[in-house]
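Spelled out, the chains give:
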Amino acid sequence: TRSGGAGGRRPPSTDYPGGEAHTVTPPRFSAVVVARNEELNIRRCLEHLAWCHERVVVDMASEDRTRELAAPLATAILRQEWIPHMEFARNKGIDAATGEWILIVDADELIPEKLRSRLEEHVAADPATAGVWIPRMNYFFGLPVPHTGGFPDYQLRCFRRGAGRYPDRLHSAAVIDGPVAYLPVEDGAWIVHDRRGTTLTDVVLKFDTYAGKEARTRLTEGQPFDGPLAALWAGFSAFRFRFITARGYRDGMAGLLLSVLFAFYRFLVEAKAWELSGFDSRWDREVRRLRSLPRLAGALAMQGARRVSRRKGPTRSP
């Protein structure tokens, strides 16, 4: 369905090089937003995209007021059945967009005015660029978590129409046909990822859903459950990286909580892989060997050493 006008257009500017009038037309952007049950976020998201030539919303069978709230602000609302991950839905929005540049935005993200200006300036100044990586600042319960959230957390979300498409894989970046550039980190010129109305229950349920998808993808690609030590190491190393290596402790209580949740997510992916293997009992003996803290610490140290050794090993040529 379509609603409203194109919106977001600005009159072309006029320069006078050599004394003659010369019209410069700003690049036209099409924003693509995939949404499901986003009534708390969708209006705010689209209001920050009013400058775009068009705003294409792909609604994945929302059961709340998402479509109703988006209708006055979107130039197109496409209906899409609920699917395991949003890459297919993003491609559907990309196919419907008509602007020179495609901007992919999640419903819980905002594009500040300063970022808008930098994007317009960058694509106008560099006609050879096919895609642009954009920095993103993540928030957790309304609190910025630059360390735990991996700032600048670059996202490949802007590309020329016809130059970018998403592979059918969970959490994948767009594949760009042509050179890409990185937008410099500048205060306020980044995507703001700040989800409204989120509770801890929402986060845990989301992690549970994504963990199941990732485990199924792994098994499909021939990566079965690798044992209890691998599961423990996945959780431990995720916490170590987020809280210590990335200095998540500097984000305070929010950093600690988010680091633990990331560790839980990585362990849950392994647990889901074990579940999908039919709760194979052949790992019981290995678990029983971890009957004391020294044994557990030693086993984890060995597991970590093996992981490091694999990463440093020779790579096979394609």
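Now for a description of the structure that goes with this document. Remember, predicted model here, so these are calculated numbers, not experimental data. (Residues numbered from 1 in each chain as written. Predicted model: local features only at pLDDT ≥ 70, side-chain atom pairs only at ≥ 80, totals over all residues. Heavy atoms only, no water.)

1. Let's talk about the pattern of salt bridges
Stage number 1. For the coordinates displayed, the defined rule picks out 20 salt bridges.
Stage number 2. Between D59 and R67 there is a salt bridge, and its shortest N-O distance comes to 2.5 Å.
Stage number 3. In this structure, D106 engages R157 in a salt bridge whose closest nitrogen and oxygen atoms are separated by 3.5 Å. Of this pair, D106 sits in strand β6 (residues 101-106) while R157 sits in strand β11 (residues 155-160), placing them 51 residues apart in sequence. Each member of the pair, D106 as well as R157, is classed as buried.
Stage number 4. Among the ionic contacts, a cluster of salt bridges with common partners joins R90, D106, E109, R136, D153 and R157. (Salt bridge = Lys/Arg side-chain N within 4 Å of Asp/Glu carboxyl O. Helix = DSSP H or I, 4+ residues; strand = E, 2+ residues; numbered from the N terminus. Buried < 20%, exposed > 50% of the residue type's maximum accessible area, 1.4 Å probe, protein only.)

2. What to know about the environment of I42
Stage number 1. On the secondary structure map, I42 appears in helix α1 (residues 42-47).
Stage number 2. With 24 residues separating them in the primary sequence, I42 and T66 have C-alpha atoms 6.7 Å apart.
Stage number 3. Each residue touching I42, except ones within four places of it in the same chain, is listed here: V33, A35, T66, L69, A70 and A107. (Contact = heavy atoms within 4.5 Å.)

3. Description of the sheet that holds strand β14 (residues 180-182)
Stage number 1. If you trace the seven strands from one edge of the open sheet to the other, you get β5-β4-β3-β6-β11-β8-β14, paired in mixed fashion. Of all the strands in the sheet, just β5 (76-80) and β14 have a single pairing partner and so form its edges. Adjacent strand axes in the sheet meet at a mean angle of 25° when their direction is disregarded.
Stage number 2. In the packing of helix α4 (residues 113-125) onto the sheet, the strands contacted are β3 (29-35), β6, β8 (131-134), β11 and β14, and the crossing angle to β8 comes to about 150°. (Pairing = 2+ DSSP bridges. Axes fitted to C-alpha atoms, helices over the stretch in contact; angles between N-to-C directions.)

4. What to know about a nonpolar patch on the surface
Stage number 1. Judged by side-chain polarity, M253, L256 and V260 come together as a nonpolar surface patch covering roughly 280 Å² of accessible area.
Stage number 2. Within the fold, V260 resides in helix α7 (residues 252-276). (Patch = residues over 30% accessible without salt bridge, like charges linked within 9 Å, V, L, I, M, F, W, Y side chains within 5 Å. Areas by Shrake-Rupley, 256 points an atom, 1.4 Å probe, with all protein chains shown as cover.)

5. Structural notes on the side chain of E87
Stage number 1. Position of E87 relative to the elements: it lies in helix α3 (residues 87-96).
Stage number 2. For the buried E87, no salt bridge is present, and the opposite-charge side chain at shortest range is R90, 4.8 Å distant.
Stage number 3. In this structure E87 touches Y166, P167, R169, L170, H171 and S172, once residues within four positions along its chain are discounted. (Lys, Arg positive; Asp, Glu negative; His and termini not counted.)

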